[in-house]
Amino acid sequence: MAGLPSNNRDSFGSKFGVIAAAAGSAVGLGNIWKFPYIAGVYGGAAFLFVYLGFILAIGIPIMLSELIIGRSSRSNAFGAFKVLAPGTPWRFIGILGVSAAFLILSFYGVVAGWSLQYIMLSIQDGFSSKTPEEIASLFSSLTESTVRPVVLQLVFMLLTGAIVIVGIKKGIEKYTKILMPLLVIILIFLCVKSLTLDGAKAGLEFLFKPDFSKLSGDGILSALGHAFFTLSLGMGTLITYGSYVQRDNNLLSTAFSVTIADTVIAILAGIAIFPAVFAFNIAPTEGPGLIFITLPNVFHQMPGGFVFSILFFILLTVAALTSSISILEVVVAYFKEEFQMNRKVATVLATVLVSMLGVLCSLSMGVLSPITFFGLNIFDLMDWISANLLLPIGGMFIAIFIGWIFGRKKVQKEVSYGGHLSGVLLSVFMFLVKFIAPIAIAIVLLNKVGLLSFS
Ligand code: PFF
């Protein structure tokens, strides 16, 4: 059969499977609550414009770089650098990636656990007789309590582990091929419902009307940081998935398809959320609040809100699940290949270790809240270190590796197996990974650690 890998590694079986899995990784909590909110805060369309620029100039090149590293090495995020640059310190980039996977999944699983609780609350029609204050305290009492969020996080991690343990084709590919279309159908339904509400227009204006006065330096930096998180870049997720992609796959078109899917879904999430928020005169608030406090207020006021809320939290959980399996797979592939474990042992071990850290994250919202580092509780610390430091650092070195070490000739060879990268496009790509991506990321990093200020 054309393009089978030369060794016995599991692989994706179809092109749609690759795109479903990679888009499943990209589309997650980042798209559904974070994107609509930050786009709104930083001037709607003005933010969107800058964000799309970063996606095109930095996101797509780094995504292609990760896929190239993965497929040409057919190794996990750590092993890939050992294969491509033996005996050099480059493999530590892989260690950084595996560490980021641990940290991200530990808090990601907690938020996904809350989402599970909100599916149950929606089914029990738990928001309908509540005042806005009661809905707000419902959320804080859930996140601050001890047993329930921990159990829910463990249930979510069990679901994640159950898919990963089966393998690539029969586990990750099979389930993302079902879950991603489901997600798109639910989202389109929610968009239609939201757009047909009276007063929906104000929400669309909030999201799409450019207001460049709100686009601060901070907004530009957030756009870059979010581009990384939302496309799952910088920690070897797409190196790992790339290692299961067959030779006849067109990596360039895969990178484009995944990016387009991720961006379209983020915009659709905005269209599903903001018209509803504005139609009921509710202020768009920050982060978790938008999803877990503001939206339940919207649901219980709107006709059909009962169904709307069940579907919404199923959507959120599905999106989180297709991302969490990609994060767990980074760790599992690393354990499996670097410590010669079989998939079952590697998955159980990775799931148990991540869940333990997840328990600490969950408790840090309640009983462990007095424990802080630099003013952040454990949950926020995991989020901050991974999103603001590890992903951008990983992405920067991945770009440098492809631009300066791997080089133009090998890039052209790897991309031409299942596709074509013309001379001009190749030159543009090399310029972006050699200069633009590393410099732009370095600027963001320096700003984040306080060494460079824009105001
Ligand atoms: N892209 C996911 C989201 O937007 O929710 C989060 C994520 C997944 C980040 C995988 C990093 C990663 F490697």
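Shown above is the structure to which this text applies.
Calculation notes
Residues numbered from 1 in each chain as written. Predicted model: local features only at pLDDT ≥ 70, side-chain atom pairs only at ≥ 80, totals over all residues. Heavy atoms only, no water. Core = buried A, V, L, I, M, F, W, Y, C linked by side-chain atoms within 4.5 Å. Buried < 20%, exposed > 50% of the residue type's maximum accessible area, 1.4 Å probe, protein only. Contact = heavy atoms within 4.5 Å. 1 Å grid on protein atoms, 1.4 Å probe; cavity = no way out; pocket = protein on both sides within 12 Å on 5 of 7 lines; lining within 4 Å. Points joined across faces, edges and corners; volume = space filled by probe spheres on them. Helix = DSSP H or I, 4+ residues; strand = E, 2+ residues; numbered from the N terminus. Nonpolar A, V, L, I, M, F, W, Y, C, P; charged D, E, K, R; others polar. Salt bridge = Lys/Arg side-chain N within 4 Å of Asp/Glu carboxyl O. Near = heavy atom within 4 Å. Polar contact = N/O pair within 3.5 Å; in protein donor to acceptor, adjacent residues only side chain to side chain. Areas by Shrake-Rupley, 256 points an atom, 1.4 Å probe, with all protein chains shown as cover. Sits in = over half its atoms within 2 Å of the grid points.

Caption draft 1: Main features of the nonpolar core. Counting 157 residues, the largest nonpolar core has Phe 312 and Phe 313 as the members making the most contacts within it. The contact partners of Phe 313, leaving out residues within four places of it in the chain, are Ser 115, Tyr 118, Ile 119, Ser 122, Phe 127, Ile 291, Phe 292, Pro 296 and Phe 299.

Caption draft 2: Fine view of empty space enclosed by the protein. Throughout the structure, instances matching the rule amount to four cavities of 30 Å³ or more. Taken as a whole, the largest cavity spans an internal volume of roughly 140 Å³. Contributing to the lining of the largest cavity are 16 residues, with Ser 25, Ile 104, Phe 229, Ser 232 and Ile 327 lying nearest its centre. Here the lining of the largest cavity gets three residues from one element, more than from any other, and that element is helix H14 (residues 305-338). Residue composition of the lining of the largest cavity, grouped by class: eight nonpolar, eight polar and no charged. When its volume is computed, the second largest cavity comes out at roughly 50 Å³. Of all the elements in the fold, those that place two or more residues in the lining of the second largest cavity are helix H10 (217-230), helix H16 (378-406) and helix H18 (423-448). Of the residues that constitute the lining of the second largest cavity, the class distribution is six nonpolar, two polar and one charged.

Caption draft 3: Main features of the pattern of salt bridges. In total, this model carries six salt bridges according to the counting rule given. In this structure, Glu 338 and Lys 82 form a salt bridge, with 2.7 Å as the shortest nitrogen-oxygen distance. Of this pair, Glu 338 sits in helix H14 while Lys 82 sits in helix H4 (residues 77-84), and the two are 256 residues apart along the sequence. Since its relative accessible area comes to 17%, Glu 338 is described here as buried.

Caption draft 4: Local environment of the site of the ligand. As a structural note, the neighbourhood of the ligand is formed by 15 residues, with Ala 26, Gly 30, Tyr 108, Phe 229 and Thr 237 the closest of them. Note that a nitrogen atom of the ligand is positioned 3.2 Å from one of the backbone N or O atoms of Thr 230. In the environment of the ligand, a nitrogen atom lies 3.1 Å from a nitrogen or oxygen atom belonging to the side chain of Ser 232. Its free accessible area being 340 Å², the ligand has 100% of it covered by the protein chains. Spatially, the ligand is embedded in the largest cavity. For the shell around the ligand, the elements supplying multiple residues, two or more each, are helix H1 (15-26), helix H2 (29-41), H10 and H14.

Caption draft 5: Highlighting the side chain of Ser 324. Among the structural elements, Ser 324 can be located in helix H14. With relative accessibility at 0%, the residue Ser 324 sits in the buried group. Setting aside chain neighbours within four positions, we find Ser 324 in contact with Leu 105, Tyr 108, Phe 156 and Thr 160.

Caption draft 6: Region of the structure containing the layout of surface pockets. Of the volumes computed, that of the second largest pocket is approximately 180 Å³. Every residue along the wall of the second largest pocket is listed here: Leu 56, Ile 60, Pro 61, Leu 64, Leu 252, Phe 256, Leu 421, Leu 425, Val 428, Phe 429 and Leu 432. Taken together, the residues that form the lining of the second largest pocket break down as 11 nonpolar, no polar and no charged.

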